[in-house]
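# A look at the structure
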Amino acid sequence: MNILVFTLSTYTSELITNTPTYLRQCGKGKYHYETIQVNVKTNGVYSFNSNNTNITYGYIYENDFDPSNPTNNLLAESSISCRRYHFKFGTYLKINKTYILVVTTYEPYVQGEFSLFVIGPNNVSLNRTCKYF
């Protein structure tokens, strides 16, 4: 009998005045965002969740994220057709691949603290990649 074991990884940060902004697809203004490199140790499905309802958008990219072309390399996202949606999505990730998680907001110029919770077959490392200006 196989027993599935899942692990929880957490990450806490905040979007503030000097975090970068970009023009999100279907957006109406500039949106603060943070990019986080996700490194997986085991192939499998990982679920991404946030505890802050103002930080309601999440995107994951394979290889890299280009804020001037936010649909390029997009692997999965927490929203459908730019409608309000809680930050929650899952996707299959592989070891030895580069993944970039982008955390942003539903409304432009919103700031605030957030915590991420990643559930999957093994822990993941989550490391901020964008620099504050």
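This text gives an overview of the structure that appears in the document. (Residues numbered from 1 in each chain as written. Predicted model: local features only at pLDDT ≥ 70, side-chain atom pairs only at ≥ 80, totals over all residues. Heavy atoms only, no water.)

### Thoughts on a nonpolar patch on the surface
On the surface, a nonpolar cluster with roughly 300 Å² of combined accessible area is contributed by F6, L8 and I119. Looking at the secondary structure, you find L8 in strand β1 (residues 7-15). (Patch = residues over 30% accessible without salt bridge, like charges linked within 9 Å, V, L, I, M, F, W, Y side chains within 5 Å. Areas by Shrake-Rupley, 256 points an atom, 1.4 Å probe, with all protein chains shown as cover. Salt bridge = Lys/Arg side-chain N within 4 Å of Asp/Glu carboxyl O. Helix = DSSP H or I, 4+ residues; strand = E, 2+ residues; numbered from the N terminus.)

### Regarding the nonpolar core
Grouped together as the largest cluster of nonpolar side chains are 21 residues, with contacts concentrated most on V38, F48, I60, L93, L101, V103 and L116. Elements represented by at least two residues in this core include exactly β1, β3 (31-40), β4 (44-50), β7 (88-93), β8 (99-104), β9 (112-120) and β10 (124-128). Ignoring sequence-local partners within four residues, the contact set of L93 consists of V38, V40, T42, N43, G44, Y46, F48, I60, L75 and Y99. Residues Y31, Y33, Y57 and Y59 belong to the second largest nonpolar core, which totals nine residues. (Core = buried A, V, L, I, M, F, W, Y, C linked by side-chain atoms within 4.5 Å. Buried < 20%, exposed > 50% of the residue type's maximum accessible area, 1.4 Å probe, protein only. Contact = heavy atoms within 4.5 Å.)

### Examining the environment of N63
By the secondary structure assignment, N63 is in the loop between β5 (57-62) and β6 (74-77). Under the relative-accessibility criterion, N63 is labelled partly exposed at 48%. On a C-alpha basis, the gap between N63 and T98 in space is 4.9 Å, while along the polypeptide they are 35 residues apart. Residues within four places of N63 in sequence aside, it is in contact with T98 and I100.

### Describing the sheet that holds β1
Pairing within the open sheet is antiparallel, and its four strands lie in the order β1-β9-β4-β7. At either end of the open sheet lies a strand with only one pairing partner, and these are β1 and β7. Strand-to-strand twist in this sheet, taken as the mean axis angle between neighbours without regard to direction, amounts to 20°. Direction of pairing for β1 relative to β9: antiparallel, over a ladder of nine bridges. From the neighbouring strand, T12 faces β9, where its bridge partner is S115. (Pairing = 2+ DSSP bridges. Axes fitted to C-alpha atoms, helices over the stretch in contact; angles between N-to-C directions.)

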